[in-house]
Each structure stands twice: as C-alpha cells, then as structure tokens.
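# Geometric and topological summary
Here's the letter readout for the chains.
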Amino acid sequence: MKKTPTLNKLKKLLLLSLLPFSFNASAQVPSLSSGEIFQNIKKLNVVGSILHIAAHPDDENTLLLTYMSKDQLVRTGYLSLTRGDGGQNLIGAEQGYNIGVIRTQELLGARRIDGAEQFFSRAYDFGFSKTREETLNFWDQDKVLGDVVWLIRKFQPDVIVTRFPPDPRAGHGHHQTSGYLAEKAFAMAADPKSFSDQLKFVKPWQAKRLVWNTFSPGFTNKPPTGEKSGFISLQISGYNPVLGSSYTEISALSRSQHKSQGFGSSASRGQRIDYFLHKEGEPATKTLFDGIDLTWKRVTGSGEVQELVSSLIKNYDVNNPTLSVPGLLKLNQQLAVLDSTDINVKTKKAEVKDLIVQCLGLWFESNPVSFSATSGDYEKVNISVVNRSTYPVNLVSLRWTGAASDSTLNLPLQEGQENKFTVNPKLPASLKVSQPYWLEKPIDKGLFQIDSQQAIGFPENRPETVTNFVFEIDGQKFSYSRPWIYKSTDPAEGEIYRPFEIRPAVTVNISEPVFIFASVEPKQISVVVEAQQGNTEGSVKLNTPAGWKSVPASAEFNIKEKNQVQNFTFTVTPPAKNQEVVVSAIATVNGKTYDKSIRTIAYHHIPSQTLFPNAEAKLAKIDVRTTAKNIGYIAGAGDDVPAALRQIGCQVTMLDGSELSKDLGIYDAIVVGVRAYNTVGILSHYQAKLLEYVHNGGTMVVQYTIPGDVKVANLGPYPLVTGRDRITEEDAAMKFLIPDHPLLNYPNKITQKDFDGWIQERGLYFGLDWDKSKYQAILSGNDTDETTKEGSVLYAKYGKGHYIYTGLSFFRELPAGVTGAYRLFANMISVGKK
C-alpha cells in the first residue's frame, strides 16, 4: 500500500468509548481539550462505580449522573428498563419501536454529555401503566428481573441508586416496577443460585447499598412525605473549573437531548441538594460511598500504580499533554501485571489506552465511500491516520473487515502528516443486515426477543465492519478498533457522520401502512423497489390472501444503479364481505426472495438510523362512510391522521399560517392534530377565527391537548380544561352516555364492536372540567378499579356549527388500521354534513 499526499486537515476526531460493556458505534465527537484530558487523568485515581436504575429514557437524574461521573469521577451507568417505545413524539410521527429507536439515540447523546454509560433490559414500553401489577402482568417478570441481575453482575456497581420507589408514589406502573425489580435484584445478583446460567459469563456481585434518590411531588428533591429518617442529603451541583461548566449546566445539556419528549432544559447555576433514602445493604451516614474504598488500595498489588497515577496528576502540563505519554506508558505496563479479570483494572487499562491517543492527538478513522453496502459486495474504504504531536509513533499494521490478513506497514508517523490508504475489500457473506439487534425478532409478551445472553444490555448494535489499527509507542503495541463511518459534507451543517449499513440486496416498500376499502371498488397500491446494489434484476409481487385480487400478478424490474428505485402500481380488489388482512410485498432476485422494507429515521440531533421491517400493509374491507370530503388539518406534534383521512376518501389540506389566513369556510371540517395547542404558537393568532368558523357552521375536531402549556386562552367556545385523566387498558369497556347522539349514529352506527382491537390505550389527556350546560359527554369508561372518566369525547353545538374535543388515541389507532376508530372518526368529521 502506498501513502498518498497530505490533504486538507479534517476537523473532527473519532472517539469511541472503550469502557467495558459500553460501545457507541455512531459517536462522532471533537478531540478532548487539554482540560478534559486532565479531568480523565484525575479519573484514573478513582476506583469505584455507581448504577442508576429507572424505567424510561428521560427518567434519569442527569444531574446525579453528571456529578458522579465528573465530580466524584466514578464509573457511572444508567439502566433504563425500556427504550421508551410507548412514549409520545414531539418531533415526528414515529410510534412504537420506531420512537424507541429515536429515544435510544437520544439517551446515547445524553450520556456523551454527562459521561455515564447506557444500558437497557429487554422490556418493551407498552404505554402508560397505572400499577406495578399491570406492568409485571404484561412483561415476563422473571426475564426482566434476570436482566437487571445480569447488568448488575456485568457492571459491578458499588452503589445502586433508584429513581422511583416500588409503590404508587412512583406514579407510572413502569416506574414502580423499576424500583421493585432493582431492590429484588440487589440481593439476587449476589446469590449464585439465582439465574445461575449467567455465571458462565459473569460472577455474583454484591453492591454495598441501594438507595432511592427521593423526590416529592413536582420532583422538588425534598425528603419524601412520611420518611423521617434513613436518608442522607448531598449537594450535587457545583462548578468544575477544569471543564469550565457547572454540573447543573452540563446536566441541562444532557437532559435537552430528549427532544422527542420536549424536554429542553434551561441550566440553573445555584446549589442543588438531593436526598437519598436507604433501602438495601449497609446504610450510609455521610456520602453514598461510605465504607467503600475508592482508591487503588482495593486492588491487590497496585501500589506502584497509585504512585504512577499520582505523578501523572502532579506533573500534568496543560500546555503540552504529550508530556504525559511516558507516564501513561509506564502505567499501562504496570496495569498489565495486575489481575486482568478485575473490572477496575480492565476499566483503567481502557482509559489509559484512550488517554494515550488523546495526549498524542492521534487521529485515525475508516470512511467507506458510500453509506451502505450488501454482504458479499465490494466496498471502497478510505483509511486515514495522522499523529498531531512530535512523539514517535509507528503504525505497525492495519486490518479491515474482508481482509485476508493483516497489512504490515511499520510506518513512522511524522508530525502533522496525514497518511491515507484506500482499500476495496469484499465484504463477507456472513455479515448480517444492520437491523437494530433487539428488533431482529418480533416482540413477544412485552419483551424484545434476544437470543444471546451476552447481547442483553447493549444500547445499540456492535459494529461488524471495522478497521483494526496497531500502533507501536516506545516499544509497546496498542490495538484499536474503529467502525466504518460514512462521512459527507453538508453545505449548511458541515461535516456529517452516518453509521455504515449492511442492507439486503433489494428492499420493497408499500406506500401506506393501511388501506381502507369502503366498498368493493378497487384501489391502487404503490410499491417501491430499491436496489441496494447495482445491476439488480428481478420481479416483485403483492402476496394477497384468498379473496383479494391483485393486478398485475407480478412485475419485472431492472435497476442499474445502487440506491435507485422503480415504482410499481398494483390494483387491488377486495372481497364483498368485510375482512381485515395483511398483504406483503415480495421481490425475487436470482431465485432468492426479499421481503423487507427500509425505513431511515433522520433527525439532526441523532445519527441516522435505518430499520428493515417486514414489507407489509393492512387491508381492511369495512363499512365506513363519511359525508365530509374537504378537510383542513392543523398538524401538531406529529401524527399520521391525514393519511388515514385520505384512505376514507377525504381531500386533506394542511393548514399552516398562510392557509389559516384564507377563507376557512371551504372546509367541511377542520381537524387539529395532537398537542397542536401545546406546540403551534400561531394558533394563538387564529383561535378566534377558528371558533368563528365553527359558529358559522363548520365542524372542528380537536385532538388531545396537554394541560399547563396551552398556546390559547380558550381551548373551545365554552370553558374547557383538559387534565391527565386517561384510560390505559385498550380493552376497557366504553359506555355510550347518549346512545342516540349523531356522533354514535351518523353516518356510521357505532357499536361496542367498534372498540375491539384498539392498541396500547383508549385515550389520554381527557377533558377534566367543562361547562356541562354546553358540552355533552358522549362516552365514559375506566381502567380496572378506577372511577369512571367521561372526558374522552366532548361535543358542543356552537352557533351553526359543531365543536368536538377528544382524547381518544386516534393518532395511534388510525395508523394501526383499527377499523372502529375509522368509523367513529368519520362520524366526528361528518357531524356537520348530515
């Protein structure tokens, strides 16, 4: 291989966490400053760990994580039982496991800021739960408990901190469960008889103590009501001059990564005291680490290590971190003679390896020329290495995925000279498609199905396409693995990194997730075939169940260029009888079938994420009529209701400020999207006009609005306040309060059958208080052992028109093809066109 001339210097250094059991393959962060390097050198002097446990992304106390990682300098982790799949989405229409993928990456972004490691159990977030019993009935308690035990044994924390108590004070049933399972796992992790199969990979572990990071209503961080003793208080704020920030500022940046949940946070800069209630183990009286040796004395034979670390801290030169390299090399040698199975030794060895790179300004990465490839194909990869110091470093060898053997170089790296290599390996046929590993199999009984015990807990896929770099520094050899990362330059954003993907040879996307047939008239279904490699020929078809007809039976495609597409239209005719079925799209290339679609989730604040779900859509032949045809839609926090309305024959116009300023009288109905009154500021300017539209004879349907941050003074034409009432049991019985009301009768006769098959919940953020002389409550229902809730659908006649507020979860039910939801929503928009 030949070294090419130096090109323009690049701006960013690929830094990968080398701490045990935490690997963020997509992280691209700047090189550490001299102050940050010094902070990490000081961390070498601390031997200890703490694990925070809660239920969801955004449950974690980011200030606690920041303080522990950057002030106490202990190894810090956060275990979220779920990936937040059941949460809302403020930035888009993704739901279910798709929003879970987003929130996973938001957590990883938060951890890159606050310095903690991130872990997950296999539990699927199925939505809001009101009790621990309901949660554990949905999840397999033994398996989720086993995951908590596994991660405690794997991480080996000295202290465990829960965010929630194991009882109703926690509110959400998932919250209660996180505290309950953590307390059970505390003892079980130390018991070799508990989950003994895990002991092939880990050993029993007894943490010193478990405490609850308490709170009072509003998370005001006061001792909880009823707890008079057994807790300690800690001041966890403070300013770090080395980092140039207070811990509250850093934690606010961390929490602000939860953008899909609308959790942007302003930094406070005063003192913050948190309280910790003793729950298990040996009580603490002053600090969380009472009775725990955080020095090297806890590691046998580490006396010389302690001296070397103390010397590194004392002699650090902020103007020349390279001067610390000889001391780090000596420390590396000394660590090598200690017990390699000790997690503290393994952690510090990884930290030293990373610090050597940082102190040298050593930069190296591998960039494929495209962002995706298929297994068995060739992929050109550009490898770059530069030593930005005067310290002698030799590049001994390189080895990349697809290489038959190491490429031996023994190349001295001259200061500031970029060494570039181009390789074109054939990717192994054994490479798996880059589906998030927890989504490779269908969700079953509330759990992601993960076959490998050792895979449980990882936040994302461990990269399969990598380059291994071996360097020699003062006679010591160091091996580093770096994933292949695609790099491009955006004219506005600058340098952009994207994870490299392995894709199937062909993907097939059906244009919509649901197709509603209100009659026997056929519909056209669009199918997009995308070639993930060049020169791809084959056929595509819709695999329709018996009774459904698809024309043509199949279609041929011939795609010359990689990532190019061909579009096909199939005419599908339903049977005469009502029926709900699933249709799949299948491509065939060289006798092999491909049945996966492709979906890329792209937002500025997270790396692009690509998923490969089954190429399927739901077909439903149902009796649904609507007399409203021209609909105006005000988008809220993101939902797919407009597409659902088009499925039942409506013409939908999205109403932005420009459209709202025009004549609204042309619309048969105007629908306001979920949380629009929380997120769309211009509605404060147009609310009077919208209510005038209703008064003049229009129909307005407002979907749920969260209380407390409403952009308008009056949500409806008469007093109406929303609350946090919800019905979380998706099969809860619904009572018709006014059976002869038009909303339940025209143009579709609503029956109890229309509430069959709902997903996740009935609804949320119901009306709480309303003028009962003006609004009519149409439905009532309740979760088990709870009082009846009547605020799910409120109707008011206003002037000549009709106003409806609904907390029913149409934003979930319609995209999922719940047919009864289509019929009820059709009645709502049609109530003014009788």
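Report on the accompanying structure. (Residues numbered from 1 in each chain as written. Predicted model: local features only at pLDDT ≥ 70, side-chain atom pairs only at ≥ 80, totals over all residues. Heavy atoms only, no water.)

So, on to the overall build of the protein chain. Across its full length, the protein chain carries 16 helices and 45 strands. Whereas a compact globule of 834 residues would reach a radius of gyration of roughly 28 Å, the protein chain reaches 29 Å, a difference of no more than 12%. With the principal axes as the frame, the protein chain shows a C-alpha extent of 85 × 75 × 55 Å. Per-residue burial for the protein chain yields a buried fraction of 57% across its 834 residues. In the protein chain, 75% of the contacts between residues at least 6 apart in sequence involve partners at least 24 apart. Distance between charge centroids for the protein chain: 1 Å, based on 90 positive and 85 negative side chains. (Helix = DSSP H or I, 4+ residues; strand = E, 2+ residues; numbered from the N terminus. Rg over C-alpha atoms; globule rule 2.2 N^0.38 Å. Buried < 20%, exposed > 50% of the residue type's maximum accessible area, 1.4 Å probe, protein only. Contact = heavy atoms within 4.5 Å. Lys, Arg positive; Asp, Glu negative; His and termini not counted. Charge placed at Lys NZ, Arg CZ, Asp CG, Glu CD.)

A word on the sheet that holds strand β17 (residues 476-483). Across the sheet, four strands lie side by side as β14-β13-β16-β17; this open sheet has antiparallel pairing. At either end of the open sheet lies a strand with only one pairing partner, and these are β14 (407-412) and β17. On average, each strand axis in the sheet is tilted by 20° relative to the strand beside it, whichever way the strands run. The strands touched by helix α9 (residues 325-335) within the sheet are β16 (466-473) and β17, with β17 carrying the most contacts at an inclination of about 95°. (Pairing = 2+ DSSP bridges. Axes fitted to C-alpha atoms, helices over the stretch in contact; angles between N-to-C directions.)

Bringing the pairing of strand β28 (residues 579-589) into the picture now. As judged from the five bridges shared by strand β24 (residues 536-543) and β28, these two strands associate in the antiparallel manner. Residue pairing for β28: Val-540 is matched across the bridge by Ala-587. With six bridges connecting them, β28 and strand β32 (residues 616-621) associate as antiparallel partners. Note on β32: the bridge partner recorded for Ser-584 is Glu-616. Strand direction decides the pairing type here: β28 and strand β29 (residues 592-594), joined by three bridges, are antiparallel. Along β29, the bridge assignment pairs Thr-588 with Thr-593. The hairpin turn running from β28 into β29, its antiparallel successor, is two residues long, and Asn-590 in that turn takes a positive phi close to 50°.

Read from one edge of the open sheet, four strands run β21-β23-β27-β25, paired in antiparallel fashion. Two strands lie at the open edges of the sheet, namely β21 (506-510) and β25 (549-551), each paired on one side alone. On average, adjacent strands in this sheet sit at an angle of 30° to one another, irrespective of strand direction. Two strands pair when backbone bridges link them, and strand β23 (residues 523-531) and strand β27 (residues 565-573) are joined in this way by eight bridges, in the antiparallel orientation. Looking across to β27, one finds that Val-528 is bridged to Asn-567.

Throughout the structure, instances matching the rule amount to 28 salt bridges. Between Arg-122 and Asp-147 there is a salt bridge, with its nearest N and O atoms 2.9 Å apart. Here Arg-122, found in the loop between β3 (117-120) and α4 (132-138), pairs with Asp-147, found in helix α5 (residues 141-155); they are 25 residues apart in sequence, far enough to count as distant. Residue class for Arg-122 comes out buried when judged on its relative accessible area of 14%. (Salt bridge = Lys/Arg side-chain N within 4 Å of Asp/Glu carboxyl O.)

The buried count for β32 comes to five of six residues, which makes it a mostly enclosed element. Alignment of strand β22 (residues 514-517) against β32, held across four bridges, turns out to be parallel. Pairing of Phe-517 across the sheet is with Lys-621, part of β32.

Turning our attention to the environment of Gln-647. Note on placement: Gln-647 falls in helix α11 (residues 641-647). Judged by relative accessible area, which is 12%, Gln-647 ranks as buried. In sequence terms Gln-647 and Val-514 are 133 residues apart; their C-alpha atoms lie 8.0 Å from each other. Setting aside its immediate chain neighbours within four residues, Gln-647 contacts Glu-512, Val-514, Phe-515, Ile-516 and Lys-523.

Formed by 79 residues in total, the largest nonpolar core has its most connected members in Leu-645, Tyr-803, Phe-825 and Ile-829. The dominant element in this core, judged by the number of residues it contributes, is helix α16 (residues 819-830), at seven residues. Leave out the neighbours within four places in its chain, and Leu-645 touches Ile-631, Tyr-633, Cys-650, Val-652, Phe-825 and Ile-829. Ranked by size, the runner-up nonpolar core spans 51 residues in total, among them Val-345, Leu-355, Leu-360 and Phe-478. (Core = buried A, V, L, I, M, F, W, Y, C linked by side-chain atoms within 4.5 Å.)

Take the packing of aromatic side chains next. Throughout the structure, instances matching the rule amount to 26 aromatic pairs. Residues Phe-38 and Tyr-316 carry aromatic rings whose centres are separated by 5.0 Å and whose planes lie at 15° to one another, so their mutual orientation is stacked. With Phe-38 in helix α1 (residues 34-43) and Tyr-316 in the loop between α8 (303-314) and α9, the pair connects residues that are 278 residues apart, well separated along the chain. Exposure remark for Tyr-316: the relative accessible area of 13% places this residue in the buried category. A centroid spacing of 6.3 Å and a plane angle of 65° characterise the contact between Tyr-775 and Tyr-803, whose relative ring orientation is edge-to-face. Of the two residues, Tyr-775 is situated in strand β42 (residues 775-777) and Tyr-803 in strand β45 (residues 801-806); the sequence distance between them amounts to 28 residues. Like Tyr-803, Tyr-775 is buried. (Phe/Tyr/Trp six-rings, centres within 6.5 Å; stacked < 30°, edge-to-face > 60°.)

Treat this as a map of the structure, not an account of what it does.
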